[in-house]
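# Architecture at a glance
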Amino acid sequence: MSRIGIMGGTFDPIHTGHLIAAEAARDGCGLDEVWFIPTYHPPLKDNEPGVSSELRLQMIQEAIGGQSAFKALDIELKRGGMSYSIDTVLELRSRYPGAEFSYIIGSDRINDLPRWHRIEELAELVTFIGLEREGTPLRLEQLPAYIRERVMMTAMPPIGISSTDIRSRVEADRSIAYLVPDTVHQFIKRRGLYES
Ligand SMILES: Nc1ncnc2c1ncn2[C@@H]1O[C@H](COP(=O)(O)OP(=O)(O)OP(=O)(O)O)[C@@H](O)[C@H]1O
Ligand SMILES: O=C(O)c1ccc[n+]([C@@H]2O[C@H](COP(=O)([O-])O)[C@@H](O)[C@H]2O)c1
């Protein structure tokens, strides 16, 4: 049985914090692979992603190129509509019956888990691999027990990088070098993404 970590996100754009989180989960929890799954429409975000699904997926592919344990899946982009994780997990379980899935998630999103669609069902199907995110204290004790029991915290070096900050930097003509992998940096420059 292979152990797969689902790294879901808007990835607008993917950054070094995502990659360090995915690697910390893979290494710390003995995962065989991490699958990066970009959302089509993120359920709890007010704004639509700034760039198209295709470009966000291409940036993920640029970022993970050399790491054979990392894959990018377009399952939510193909499904369209609101990207509820329960739908993704149900689809993956039926497509890959030999795999065991965990959901990799930063502390900002862990605090939101009670608001996720069909969360009781989702919490029965996956464990959550939680990573403390710089600037967002975890409030594990405020979660209902059925969620708390399914969260397994894993250490990562605190990385204060967000996609929001990267978009603002590009818009203000500031450097994003090393905040994203060089391949992603070049891609953003080549396509003129996030410029004002
Ligand atoms: N620096 C980070 N450290 C730990 N986890 C992170 C970090 N950045 C993102 N994550 C986690 O990665 C997942 C996907 O995040 P997402 O694509 O929304 O990135 P983001 O940087 O939060 O974007 P935005 O700033 O646009 O909201 C979430 O579970 C989030 O908590
Ligand atoms: O299923 C839900 O209701 C749900 C609510 C909020 C977030 N998620 C998932 O959590 C992941 C991170 O979300 P975001 O908004 O940080 O991109 C992404 O895969 C989303 O689809 C899922």
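Residues numbered from 1 in each chain as written. Chains lettered and ligands numbered in written order. Predicted model: local features only at pLDDT ≥ 70, side-chain atom pairs only at ≥ 80, totals over all residues.

Per an unreviewed UniProt entry, the protein carries the name Probable nicotinate-nucleotide adenylyltransferase and comes from Paenibacillus glycanilyticus. Per its UniProt entry, the protein bears the Pathway (unreviewed entry) comment "Cofactor biosynthesis; NAD(+) biosynthesis; deamido-NAD(+) from nicotinate D-ribonucleotide: step 1/1." Within the UniProt record for the protein, the comment given under Function (unreviewed entry) is "Catalyzes the reversible adenylation of nicotinate mononucleotide (NaMN) to nicotinic acid adenine dinucleotide (NaAD)." (UniProt positions renumbered as here; feature names shortened; annotations may be inferred.)

A count of helical and extended segments in the protein gives nine helices and six strands. In terms of C-alpha radius of gyration, the protein reaches 16 Å, essentially the compact-globule figure of 16 Å for 196 residues. By principal-axis analysis of the C-alpha atoms, the protein measures approximately 45 × 35 × 30 Å. Burial analysis of the protein (196 residues in total) assigns 31% to the buried set. Relative to all contacts within the protein whose residues are 6 or more apart in sequence, the contacts with residues 24 or more apart total 77%. (Helix = DSSP H or I, 4+ residues; strand = E, 2+ residues; numbered from the N terminus. Rg over C-alpha atoms; globule rule 2.2 N^0.38 Å. Buried ≥ 20, exposed ≤ 12 C-beta atoms within 10 Å, placed from the backbone. Contact = placed C-beta atoms within 7 Å.)

Before going further, it helps to spend a moment on the pairing of strand β4 (residues 99–106). The pairing of strand β1 (residues 2–9) with β4 spans six bridges and is parallel. Within β4, the residue paired with glycine 5 across the bridge is serine 102. Relative to strand β5 (residues 127–131), β4 is paired through five bridges, and the arrangement is parallel. From the neighbouring strand, serine 102 faces β5, where its bridge partner is threonine 127. (Pairing = 2+ DSSP bridges.)

Another point: unusual backbone geometry. Omega for the bond connecting aspartate 12 with proline 13 falls within 30 degrees of zero, at 5 degrees, which places this linkage in the cis form. In this structure, proline 13 sits in the loop between β1 and α1 (16–29). Positioned with a positive phi, arginine 118 is a non-glycine residue whose angle comes to about 50 degrees. Looking at where arginine 118 falls in the secondary structure, it is placed in the loop between α5 (107–112) and α6 (119–125). You can call arginine 118 partly exposed: it has 14 C-beta atoms within 10 Å.

Here the focus is the site of ligand 2. With respect to spatial proximity, 15 residues lie near ligand 2, and among them Gly8, Thr10, Pro43, Trp116 and His117 are the closest. Of all the secondary-structure elements, those providing two or more residues to the shell around ligand 2 are β1 and α4 (85–95). (Near = placed C-beta within 6 Å.)

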